[in-house]
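# Report on the structure
What follows is the residue order along each chain.
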Amino acid sequence: MGRKVVAGNWKMNLGLAEGVQLVKEIEANYTSNDEIRVMAFVPSLFVSTLADTASSLEIGVQNFYHESKGAFTGEISIEQVTGCGAFIGLIGHSERRSIFGETNELLKAKVDAAVANEFEFIFCCGEPLEVREAGNENDHVRQQLEESLFHLSANDMKEILIAYEPVWAIGTGKTASTQQAEDMHSAIRSWISEKYGEDIADSVSILYGGSCNPQNASELFACENVDGGLIGGASLKADSFCSIINA
Ligand code: PGA
């Protein structure tokens with residue numbers, strides 16, 4: 001399956017000094033190796049400083065805009081991000097979709113800009129509670145992938161990282177059961193396989209996000225199609241984040 005990844009998503013938390021401290025503590029508490037990538041998606045203001053502070057921890061941004069420059073007040077471009085030392089970003093986190101109204105069409109533009117700039121990304125997908133309760137989670141997630149990602153060439157697709165985040169499990173303390181996580185992850189892999197073939201489907205890392213913590217991480221990561229996690233709340237403390245990495 002895809003390479004193992006544990007990624008922290010700090011969201012709009014921590015000050016710069018706390019962020020520097022957290023990076024140092026994380027790096028002091030895990031040993032980097034070739035089998036697992038460890039990343040932190042930090043507030044973009046902190047990228048430059050944290051990229052200088054970090055050695056093995058990869059620093060990424062939580063969002064970026066698809067245009068390369070111009071009159072887009074408040075946005076940041078891929079070139080600006082890479083110029084500050086981050087080479088990976090999140091696309092389509094559920095909070096960007098639900099709070100900031102990002103559509104599948106806009107996310108497709110971000111995917112295309114990232115691919116054109118050889119900027120790595122984690123594409124986030126997942127269903128809200130009412131969709132899960134109506135039993136439509138597979139159609140919902142498949143549509144997110146089809147409308148924003150599945151136009152890519154096979155060559156570009158094989159490098160992709162995906163995070164499945166059931167929205168009802170984000171920041172709520174509710175976690176998908178291992179069976180719910182595995183079912184969706186294997187569905188995602190089978191859709192990639194139908195379109196791009198099995199080798200490419202196997203090379204895509206599919207991370208689980210949604211109240212992943214030191215208590216449930218080993219069980220989730222033991223699922224065949226779960227290649228790691230995108231961690232929110234539990235990534236803000238070095239001890240809980242490092243326990244998840246060790247899981
Ligand atoms: P959570 O957030 O771990 O706090 O649920 C996950 C995410 O939104 O990336």
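Scroll up to find the structure this text is about.
Here's what I pulled together on the structure shown here. Fair warning: this is a prediction, and the values are worked out from it, not measured in the lab.

## A look at the overall build of the protein chain
Within the protein chain, the regular secondary structure consists of twelve helices and eight strands. In terms of overall size, the protein chain behaves like a compact globule, its C-alpha atoms giving a radius of gyration of 17 Å where 247 residues would be expected to give roughly 18 Å. Taken over 247 residues, the protein chain has a buried fraction of 51%. Look at the contacts in the protein chain between residues 6 or more apart in sequence, and 72% of them connect residues 24 or more apart. As presented, the protein chain carries roughly 11,100 Å² of accessible surface, and 47% of it is formed by carbon and sulfur atoms. Positive and negative charge centroids in the protein chain, built from 17 and 36 side chains respectively, lie 3 Å apart.

## As for the site of the ligand
In the region of the ligand, 13 residues are neighbours, and K11, H93, E165, G171 and S211 sit closest. At 2.8 Å, a side-chain N or O of E165 approaches an oxygen atom of the ligand. Within the backbone of G233, a nitrogen or oxygen atom sits 2.9 Å from an oxygen atom of the ligand. Surface burial for the ligand is 95%, taken as the share of its 290 Å² of free accessible area covered by protein chains.

## Focus on unusual backbone geometry
Of note, the phi angle at K11 is positive, near 55 degrees, even though the residue is not glycine. The topology assignment puts K11 in the loop between strand 1 (4-9) and helix 1 (16-29). Here K11 falls in the buried class, since its relative accessible area comes to 19%.

## With respect to helix 12 (residues 238-246)
For helix 12, the full list of buried residues reads A238, S240, F241, C242, I244 and I245. Here the buried face of helix 12 lies against strand 1, helix 1, strand 2 (36-42), helix 11 (217-221) and strand 8 (228-231).

## Side note on the packing of aromatic side chains
Enumeration according to the criterion identifies four aromatic pairs in this entry. Sitting over the face of the ring of F100, R96 holds its NZ or CZ atom 4.1 Å from the ring centroid. Across from the ring centre of Y196, 5.5 Å away, lies the NZ or CZ of K195, which sits over that ring.

## As for the pairing of strand 5 (residues 120-125)
Of all six residues making up strand 5, five are buried, and the element is well covered by its neighbours. Summarising the sheet, strand 4 (residues 88-91) and strand 5 pair through four bridges and their orientation is parallel. Each bridged residue has a counterpart across the sheet, and for I88 the counterpart in strand 5 is E120. Taken together, the four bridges between strand 5 and strand 6 (residues 161-164) define a ladder with parallel strand orientation. When the bridges of strand 6 are listed, F123 appears paired with I162.

## Topic: the pattern of salt bridges
Note that side chains of opposite charge can pair when their charged atoms are close. Per the stated rule, a full pass over the model turns up eleven salt bridges. Between R142 and E146 there is a salt bridge, and its shortest N-O distance comes to 3.0 Å. Separated by four residues within a single helix, R142 and E146 lie in helix 7 (residues 137-148), roughly one turn from each other. The salt bridge partner of E194 is R142, with a shortest N-O separation of 3.0 Å. Of this pair, E194 sits in helix 9 (residues 178-196) while R142 is found in helix 7, placing the two residues 52 residues apart along the sequence. E194 gets classed as exposed once you look at its relative accessible area, which sits at 55%.

## Points about the pairing of strand 2
The buried fraction of strand 2 amounts to seven of the seven residues, a majority that puts the element mostly inside the structure. Of the two faces of strand 2, the one carrying I36, V38, A40 and V42 and the one carrying R37, M39 and F41 are both buried. Across six bridges, the pairing between strand 1 and strand 2 is parallel. The residue bridging N9 from the neighbouring strand is F41, located in strand 2. Pairing geometry for strand 2 and strand 3 (residues 58-61), over four bridges, is parallel. Each residue of the ladder has a partner; that of V42, found in strand 3, is V61.

So, how was this worked out
- Residues numbered from 1 in each chain as written.
- Predicted model: local features only at pLDDT ≥ 70, side-chain atom pairs only at ≥ 80, totals over all residues.
- Heavy atoms only, no water.
- Helix = DSSP H or I, 4+ residues; strand = E, 2+ residues; numbered from the N terminus.
- Rg over C-alpha atoms; globule rule 2.2 N^0.38 Å.
- Buried < 20%, exposed > 50% of the residue type's maximum accessible area, 1.4 Å probe, protein only.
- Contact = heavy atoms within 4.5 Å.
- Areas by Shrake-Rupley, 256 points an atom, 1.4 Å probe, with all protein chains shown as cover.
- Lys, Arg positive; Asp, Glu negative; His and termini not counted.
- Charge placed at Lys NZ, Arg CZ, Asp CG, Glu CD.
- Near = heavy atom within 4 Å.
- Polar contact = N/O pair within 3.5 Å; in protein donor to acceptor, adjacent residues only side chain to side chain.
- Phe/Tyr/Trp six-rings, centres within 6.5 Å; stacked < 30°, edge-to-face > 60°.
- Lys NZ or Arg CZ within 6 Å of the ring centre and 35° of its normal.
- Pairing = 2+ DSSP bridges.
- Salt bridge = Lys/Arg side-chain N within 4 Å of Asp/Glu carboxyl O.

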